[in-house]
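Observations on the model geometry
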Amino acid sequence: MAQQGPPGSGRKVSRRDFLKLMAAAGTIVTFIPFIDWGKFLPNPAANVSAKAKVELPDGSQANIKTFPVNHSESVIYPKTNDQVLNQESFRLWQFIRLPPELGGGRNDVSAFRMYSQVCLHLWCLWKYWPDPGRKRGECPCHGSMYDPINGKAFAGPASLQSPPSNVLPMLDLQVDGSGNVWILPPNWSPNGNGIVGFGRFLRE
Amino acid sequence: MVATVSHENSLVVFIKWVYAGIDRTIFMGLKFTFPGRFVSPLGFLGMITFVLFIILGITGALLMLWYEPELDRAWNSVQNINNTIPFGFHIRNIHYHASNAMVMVALLHMYYQYFSGRYKIRNEIIWVTGVIIGVLTILEAFTGYDIIFSERSELAISIAASLTNSIPVLGPQMRDAFFGGGFHDFVLRFYAFHVFFLPIALLGLMVVHFPRFLVFDVPMVMAVAGAVMITGGVFPIDLGTKFVPTSPPGITVPEWYLTGLYAFLRSQYDKFVTGVAWPGLLILTLMIMPFIDRYKKFSWKDRPLVTAVGITSIAQIMVTTYWGFYIDPNIQKSLLERLVIDPIFLYTVMLLLVPLSFGFTYMIIKLAKNAEARAKAQPKKPAGKSSINIPENWIYIIFVALLAFQIYLNIAAYYAVLSGMKNFSLFIVGIIMLVFAGMFHLYRHTKATASAPRPPTKPITPPTGAKPIPSWSRPPSPGLPPGSAKILSPPPSPKGQSIATQSPSRVDTATSQANLASSKDTPPTEATMPDKTVPEAKMSDIAKTADTDTDKESSMLG
């Protein structure tokens, strides 16, 4: 290997080195397909490719004509047929129609917000409080408070966490012609819709 | 040896045949020593860690029969084990306390090896694998208390997941890969890690980590097992509160080996730095220590800087461990105020501990060297240690008394179980183990003293349980330690006798000394020696951690 032929012979590769190169390339090519097998590990159930109904606890779909202003409900998303999986707090989302002063009276999708109900601090379940003077998300455990307009924690331990762990994951919504509210397919990444229990980068 | 076969029964012949067959396997590369008398456990803390690992494997396998790794059933199944399954309480408590003991003993083992400089002389691989094993042991214990799925487990899983997420490169992907998507996956995967992935990795690393010379001290092993059970009886572990996502959890702190990390997390500084980078820095420092440590000597007294770094790490670990536990008891304050540790205060203390530890190290090294010099200046006292000499018939009386006590304890444990006093019965079983340890020690002590008045000219005979090799093959060949007495060591000589007067086998002493001199790579340990003259001094060296360079290699015990 030290002798690559005479000094003047330039880039000539010896037969032995060529063989080694081929063997190495063959080994790599043989094992390349297994890299993709790493997809075995993440749970694919979270990847929803179709839009889904905002199904309220009473079983009906949320409708912009009937859903009260300054009100919230817990929605399970993605919903499965398995009762055990549906109990999971990671599938619990807070579906909020904003108070009038924040634009909740408008008749389009901007009146709604849908945030993960898992507090970014230590995974308790927060909820929206519509009382006058509150009108914010509050976590009962350690008092983190969330701004309903963008899901950013503005008080409590969650607000002290560095981005993305200070902004709640949020789902994108859509309202169809008959006023029904739908959830668009999410992108589970900090730069997209966020990661439940971890957070989301706030886009300005 | 061949001649003695004729009057051995067929069972002995069979066992010897099996033993000769095992001789062809890798297991005989390990040299097991069953000490014939008390040896300081500091030298074989690693073996104790391994024994605890085996205890954990057995109790864990039993718990697997009842545990259900499912979101809504995990906590209930643990409650079932604890409250209704017969002896489930015992098994669970042994499992829990043995896990704590394993982490503790592993830490002690590491620091003992650290301060005695044993990671040197081609033991770097053993040291590095040891550090990895230590990290995996803590992960193993961590995943164990997570899968109970109490409020504390939920808090721990939450922290683990967000720490993984906070890793800048591939963090979210790693979280997806290792944790799955949500609580249902967490329980199942932590269970898989706890019962298979981590133990199998630990076992694989242990194969690399084991040195060739291992000490298996039966009384000490039984005493440790007994101590685990007694702790389980006195401090039975509770179930915690079942995690309900809709109700606020109470204040929980992690297990003691993670409260140090928790203290940093509570300082509210960036998660990655406090929760991943700082512990990673500690682990990395420990790992590369043998390559930094360029001192030619082994003793902690001769390696001041390395010792000072070790003392600093102990001081910082102790302070942060306590700090992580401490939560302001004043409930008038807000929870946030009680939980958050002021980062400036915390890091100032951490930095202050460095000069303090260095000063402390300087002081104790100075004191130790002074004491050494003073001891040298004074006339040498006879090396004999004070020993309790009990007349022979009294030993038999003690033995019978202990046996009677064992029977009494057995009855007491039985009745304790019958009347539902689970922790009391666990406590008594622990005492039974301790008494057994005492009995075993008494047995070997008596055996040693019984064979004491040997005539000085008596020729040494190979021990009866030894490997069936021809008896003439006993040459003082260099590089070949006398391995024939591997398993059953000969009855050791009395402690009181000095080297000069005790000369039952000049030839053998000479042989072993020749071996000692010629075979630096494979130094003979106590039991590989036919007699006790040279090792007698050696074992006492191990016992009191005094390490000189020449003794170093031969005192490499598990």
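Residues numbered from 1 in each chain as written. Chains lettered and ligands numbered in written order. Predicted model: local features only at pLDDT ≥ 70, side-chain atom pairs only at ≥ 80, totals over all residues.

**What to know about the sheet that holds strand 4 (residues 112–116) of chain A**
Residues and elements named next belong to chain A. Spatial strand order, 2-3-4: 3 strands in an open sheet with antiparallel pairing. Only two strands of the sheet have a single neighbouring strand rather than two, namely strand 2 (71–76) and strand 4. Each neighbouring strand pair of the sheet contributes to a mean axis angle of 25 degrees, computed without reference to strand direction. With 6 bridges joining them, strand 2 and strand 3 (residues 92–97) adopt antiparallel strand pairing. Bridging across to strand 3, V75 finds its partner in W93. (Pairing = 2+ DSSP bridges. Helix = DSSP H or I, 4+ residues; strand = E, 2+ residues; numbered from the N terminus. Axes fitted to C-alpha atoms, helices over the stretch in contact; angles between N-to-C directions.)

**What about the pairing of strand 3 of chain A?**
All names here are of chain A. When you tally the buried positions in strand 3, you get 6 out of 6 residues, the bulk of the element. Of the two faces of strand 3, the one lined by L92, Q94 and I96 and the one lined by W93, F95 and R97 are each fully buried. The sheet contact formed by strand 3 and strand 4 spans 5 bridges and is antiparallel. Bridged to Q94 within strand 4 is Y115. (Buried ≥ 20, exposed ≤ 12 C-beta atoms within 10 Å, placed from the backbone.)

**So, the sheet that holds strand 10 (residues 181–183) of chain A**
By way of backbone hydrogen bonds, the strands of a sheet pair with one another, either parallel or antiparallel. Residue and element names in this part refer to chain A. One open sheet accounts for 3 strands, arranged 1-10-9; its pairing is antiparallel. Both edges of this open sheet fall to strand 1 (52–53) and strand 9 (173–175), since each of them pairs with a single strand only. Here strand 9 pairs with strand 10 via 3 bridges, running antiparallel. Within strand 10, the residue paired with V175 across the bridge is V181.

**Comments concerning unusual backbone geometry**
Residue and element names in this part refer to chain A. Going from Y77 to P78, the amide bond is cis rather than trans, its omega being -10 degrees. Mapped onto the elements of the fold, P78 is located in the loop between strand 2 and helix 3 (83–86). Each neighbour pair has its own omega, and for P163 with P164 the value is 5 degrees, a cis peptide bond. Mapped onto the secondary structure, P164 falls in the loop between helix 4 (157–160) and strand 9. Positive phi, normally seen in glycine, also occurs at K135, with a value near 45 degrees. Position of K135 relative to the elements: it lies in the loop between strand 5 (127–129) and strand 6 (136–138). A residue is classified by how many C-beta atoms lie within 10 Å of it, and K135, with 18 of them, is partly exposed.

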